[in-house]
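An overview of the molecular structure
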2 protein chains.
Amino acid sequence: MSEVYAARRERLKERCAGGGAALVSRPANIRYLAGAAPSGAALLLGRSEDVLLCPRPPGEEDGPQRPDAELRTRVLDTPDGDAAVAAAGQAAAQGAESLAVEEHHLSVARHRALASVAPRLRLVDLARGVEQLRLVKDEEEISCLRIAAEIADQALGELLESILVGRTERHLALELERRLVDHGADGAAFPTSVATGPHSGRGGHRPTDRRVEEGDFLSVCLGAAYRGYRSEVGRTFVIGTSPADWQIELYDVVFAAQRAGREALTPGAACRDVDRAARHVLAAAGYAEGLGPRTGHGVGLEITEDPQLAPAAMGKLDACVPVTVEPGVHLPGRGGVRIDDTLVVRCEADGGPELLTITTKELLAL
Amino acid sequence: MSEVYAARRERLKERCAGGGAALVSRPANIRYLAGAAPSGAALLLGRSEDVLLCPRPPGEEDGPQRPDAELRTRVLDTPDGDAAVAAAGQAAAQGAESLAVEEHHLSVARHRALASVAPRLRLVDLARGVEQLRLVKDEEEISCLRIAAEIADQALGELLESILVGRTERHLALELERRLVDHGADGAAFPTSVATGPHSGRGGHRPTDRRVEEGDFLSVCLGAAYRGYRSEVGRTFVIGTSPADWQIELYDVVFAAQRAGREALTPGAACRDVDRAARHVLAAAGYAEGLGPRTGHGVGLEITEDPQLAPAAMGKLDACVPVTVEPGVHLPGRGGVRIDDTLVVRCEADGGPELLTITTKELLAL
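Just so it is clear, the model here is predicted, and its values are computed rather than measured.

This part takes up the interface of chain A and chain B. Contacts between the two partners involve 32 residues from chain A, matched on the other side by 32 residues from chain B. Carbon and sulfur atoms supply 56% of the area buried between chain A and chain B, which totals about 2400 Å² over both sides. Applying the counting rule to chain A against chain B returns 2 salt bridges. Where chain A touches chain B, the interface holds 10 residue pairs in polar contact (both at pLDDT 80 or more). Of all the elements in the fold, those that place two or more residues in the side of chain A that touches chain B are α4 (108-117) and α7 (169-182) of chain A. The element that contributes the greatest number of residues to the side of chain A that touches chain B is α7 of chain A, accounting for 6 residues. Residues of the side of chain A that touches chain B, tallied by class, amount to 9 nonpolar, 11 polar and 12 charged.

A word on the pattern of salt bridges. Evaluated as defined, the whole model comprises 64 salt bridges over all chains. Between glutamate 131 of chain A and arginine 26 of chain A there is a salt bridge, and its shortest N-O distance comes to 2.6 Å. Of the two residues, glutamate 131 of chain A sits in helix α5 (residues 129-135) while arginine 26 of chain A sits in the loop between β1 (20-24) and α2 (27-34), which places them 105 residues apart along the sequence. In this structure arginine 26 of chain A comes out as buried when scored by relative accessible area, which is 17%. We note a salt bridge from lysine 13 of chain B to aspartate 50 of chain B, for which the minimum N-O separation is 2.9 Å.

What follows covers the sheet that holds strand β11 (residues 229-230) of chain A. All names here are of chain A. Here 3 strands make up an open sheet; going across it, the order is β7-β10-β11 and the pairing antiparallel. In this open sheet, the two edge strands, each paired with only one partner strand, are β7 (187-188) and β11. Note that β7 and strand β10 (residues 224-226) share 2 bridges and pair antiparallel. Directly across from glycine 187, in β10, lies its bridge partner alanine 225.

Aligned on chain B, chain A shows an RMSD of 0.0 Å; the corresponding rotation is 180 degrees and the shift along the axis is 0.0 Å. The transformation just described matches what one would write down for a two-fold rotation axis. For chain A, the smallest separation between a C-alpha atom and the rotation axis is recorded for serine 107 of chain A, amounting to 2.0 Å. Comparing interface residues between copies, 100% of those in chain A also sit at the interface in chain B, which points to an isologous, same-surface contact.

So, on to the sheet that holds strand β8 (residues 193-196) of chain B. Residues and elements named next belong to chain B. A sheet is described by the order of its strands in space; here 3 strands give the open sequence β8-β9-β12, paired in antiparallel fashion. Of all the strands in the sheet, just β8 and β12 (233-238) have a single pairing partner and so form its edges. The mean inter-strand angle of the sheet, taken between neighbouring strand axes irrespective of direction, is 10 degrees. Relative to β12, strand β9 (residues 217-222) is paired through 6 bridges, and the arrangement is antiparallel. Directly across from serine 219, in β12, lies its bridge partner threonine 236. Together, β8 and β9 form the strand contacts of helix α7 (residues 169-182), whose direction differs from that of β8 by roughly 150 degrees.

What follows covers the domain arrangement of chain A. Residues and elements named next belong to chain A. Split into domains, chain A comes out as domain 1 (2-132) and domain 2 (139-355). Placing the centre of domain 1 and that of domain 2 at their C-alpha centroids yields a distance of 35 Å. Taken together, the contact pairs 7 residues of domain 1 with 7 residues of domain 2. For the pairing of domain 1 and domain 2, the buried interface totals around 590 Å² over both sides, and the portion due to carbon and sulfur atoms is 46%. Sorting the residues of domain 1 by area buried against domain 2 places Ala28, Arg31 and Tyr32 first, and these three jointly supply 48% of that buried surface. Linking domain 1 with domain 2 are 3 salt bridges, by the criterion used here. Among the salt bridges present, the one from arginine 26 reaches glutamate 302, with a minimum N-O distance of 2.2 Å. Applying the counting rule to domain 1 against domain 2 returns 2 residue pairs in polar contact (both at pLDDT 80 or more). Examining the composition of the side of domain 1 that touches domain 2, we find that 3 residues originate from one element, α2, more than from any other. Residues that form the side of domain 1 that touches domain 2 fall into these classes: 2 nonpolar, 1 polar and 4 charged.

What follows concerns the side chain of glutamate 131 of chain B. By relative accessible area, glutamate 131 of chain B is classed as buried at 6%. Those residues in contact with glutamate 131 of chain B, other than ones at most four positions away along the chain, are Arg26, Asn29, Glu102 and His104 of chain B.

Here we come to helix α8 (residues 245-263) of chain A. Over its 19 residues, α8 of chain A extends 27 Å from the first C-alpha to the last, a length consistent with the 27 Å expected when each residue adds 1.5 Å. Taken together, the buried positions of α8 of chain A are occupied by Gln247, Leu250, Tyr251, Val253, Val254, Ala257, Gln258, Ala260, Gly261 and Arg262 of chain A.

All names here are of chain A. As paired elements, strand β16 (residues 328-331) and strand β17 (residues 335-338) share 4 bridges and run antiparallel to each other. Residue pairing for β17: leucine 331 is matched across the bridge by glycine 335. Between the end of β16 and the start of β17, which pair antiparallel, lie 3 residues, with glycine 333 showing a positive phi angle near 85 degrees.

This part takes up unusual backbone geometry. In most cases, non-glycine residues show a negative phi, while peptide bonds are predominantly trans. Put simply, aspartate 306 of chain A and proline 307 of chain A share a cis peptide bond, and its omega is -5 degrees. With respect to the helices and strands, proline 307 of chain A occurs in strand β14 (residues 305-309). Backbone geometry places cysteine 320 of chain B, a non-glycine residue, at a positive phi of 70 degrees. Structurally, cysteine 320 of chain B can be placed in the loop between β14 (305-309) and β15 (322-325).

Attention now moves to helix α9 (residues 271-284) of chain A. Residues and elements named next belong to chain A. For α9, which comprises 14 residues, the first-to-last C-alpha distance of 20 Å matches the rise-based estimate of 20 Å (1.5 Å per residue) to within 8%. Listed in full, the buried residues belonging to α9 are Cys271, Val274, Asp275, Ala278, Arg279 and Leu282. Turning to α9, the residues buried within the fold contact α8, β14 and β16.

All names here are of chain B. For leucine 23, the position within the fold is in strand β1 (residues 20-24). Leucine 23 sits 61 residues away from alanine 84 along the chain, and the two C-alpha atoms are 7.3 Å apart. Apart from residues lying up to four places away in sequence, leucine 23 is in contact with Ala42, Leu43, Ala84, Ala87, Leu99, Ala100, Val101, Glu102, Leu114 and Leu126.

For glycine 223 of chain B, the position within the fold is in the loop between β9 and β10 (224-226). In sequence terms glycine 223 of chain B and glutamate 150 of chain B are 73 residues apart; their C-alpha atoms lie 9.6 Å from each other.

Okay, the environment of threonine 168 of chain B next. Residues and elements named next belong to chain B. Within the fold, threonine 168 resides in the loop between α6 (139-160) and α7. The class for threonine 168 is buried, based on a relative accessible area of 6%. Placed 22 residues apart in sequence, threonine 168 and arginine 146 show a C-alpha to C-alpha distance of 30 Å. Setting aside residues no more than four positions away along its own chain, threonine 168 makes contact with Thr208, Asp209, Arg210 and Arg211. In this structure the side chain of threonine 168 is engaged in a polar contact, spanning 3.0 Å, whose partner is the side chain of histidine 171.

Conventions we followed
- Residues numbered from 1 in each chain as written.
- Chains lettered and ligands numbered in written order.
- Predicted model: local features only at pLDDT ≥ 70, side-chain atom pairs only at ≥ 80, totals over all residues.
- Heavy atoms only, no water.
- Contact = heavy atoms within 4.5 Å.
- Buried area = accessible area lost by both parts, 1.4 Å probe.
- Salt bridge = Lys/Arg side-chain N within 4 Å of Asp/Glu carboxyl O.
- Polar contact = N/O pair within 3.5 Å; in protein donor to acceptor, adjacent residues only side chain to side chain.
- Helix = DSSP H or I, 4+ residues; strand = E, 2+ residues; numbered from the N terminus.
- Nonpolar A, V, L, I, M, F, W, Y, C, P; charged D, E, K, R; others polar.
- Buried < 20%, exposed > 50% of the residue type's maximum accessible area, 1.4 Å probe, protein only.
- Pairing = 2+ DSSP bridges.
- Least-squares fit on C-alpha atoms with pLDDT ≥ 70 in both.
- Axes fitted to C-alpha atoms, helices over the stretch in contact; angles between N-to-C directions.
- Domains from an automatic or database assignment.
- Expected span 1.5 Å × (residues − 1).

Spelled out as structure tokens, the structure:
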């Protein structure tokens, strides 16, 4: 892997103006470029060499991943020191004229501290340069996402085989998270959402003590983190023998919207058009109101990354960009439906969008 | 509760220069002043009125807490908008000359966006003004911490009654977190740490798949979040019938250090002296090396708050400040001991430090 990280750091340096060093402080960005992000670490991409600065020696409390062994690691003299500030001093010592920093992450106070330790160093904005590199995933990253998605599918599949009526949202969520770990996840990619009856179909619903009842819609959204990569899958089921007419009708609409979104995933497609494709189906069926701000988003080392699939989103999709497609409708007081897949954008020649979350999307009555 | 939040906001305003408004962006600080911190919210303490600005209407996804009903809530026009930026615009519209912002939290990029929407507004630093208010807790806050500590004690007590040998660190940690929720916690206050054998005694150890074995030290650190308030308790046990001599010797030293730290908790005591009291006992026994950077820290709405109990810490303790006392020793390859309590600083007349985590600290053989 070491050469992968080195290549990523090289690509970032090409973006930085000549004579300049770069300082990466956002943990997910450090992990992308260095293989791991020990707590409080900062990554200096210097003129003479790259250095990962850490308040303490990277240890188990930083998780299973270890930093790129080819990358020099420097431990600060004081465990309470600010690694970013130390990195700025080191950049100056290396004779850099400018230092590109992540102004969208560094606080005003830390930025001021950087400037004061290296007054001659011109601080410029690296902006979201690393986030942009992270947009398109390599096959190694995609295989981690594939495994993360498989783990979530397994955990969900097992839950569906168990008795659900009478159990609380909270316990179902905890059970799912335990199963994620059982199947080899680092942990949950985000807090598992289990929504029953009137809660169902609501995005990001936090599990409550409400118990599953006959006739409920049950919507579940979970994901696994595997080697840092985070997937997402969401499904909605009916509890009991046969769904009511309104449930079937609503499910069919959301399913059609989600399929329209999935089918719009092609390299070169505008992000907003993917959103519109799904949104249009819901609006045409009279569910224009109460739609969320977006119908999907990128996933990777963070559960929510660029691109955004939203009405005002800029930019186009590229091949090898993993995204979620997750339209939902929630009818206050009644509940609703949410269907959420993680897919990888692929061109037609490669078979079109690759579905990572393969749990069935037919309306199951449990 | 409403008047409690109003009083806190008043106290903060007294710190802001005349004619000035204040903008609070750190979620824990918003929660302290407004009763809840909906995702993406910002709190404006204006000249004419206080307003909580939220990207979306506060909903269940923001958790069980609702914002102070007496506080005006304004929902942004766009769900992707930056509430802090909108608040700056509103402060300018209210005719404020200056706006105190949290420069230790606001990113450089957001700070710039604030300045550009309100060019006439002089942006000054609120610094850690809210964090300072949060140092000393009122009895309402302390009772939340007391309940959080009881919940963690219950979860830990139940675990000790179960069979431990052969179970993995990971599963014991998940089991503890499930029990925290069973007993009424909002959730875990921080990732539960279970460390066995050679891992034991290491602070912040992340649970692995290592299984509990006869003769192991087992150190556990967990906490509950209750109404947003977070406690912490850590204990070390021996697995099997009788501890080895080195285990008894090491346990006694850490126990003595932890007691020395607890007994040093009095109003007016220097934070560094509390640290020294515990550290001295360990150093005298020959465990000077490998001690953590601090032996304790404040707790409250965040699991790690001021004050810090560390060699270089400034400041003195006040009554009604809850802190942890958690010295530990880890012998590489062998394991170690960590004992962690949450206590509230009280004066002698009130009976001295109040221990919130009452699980026994005698060396139990399980």
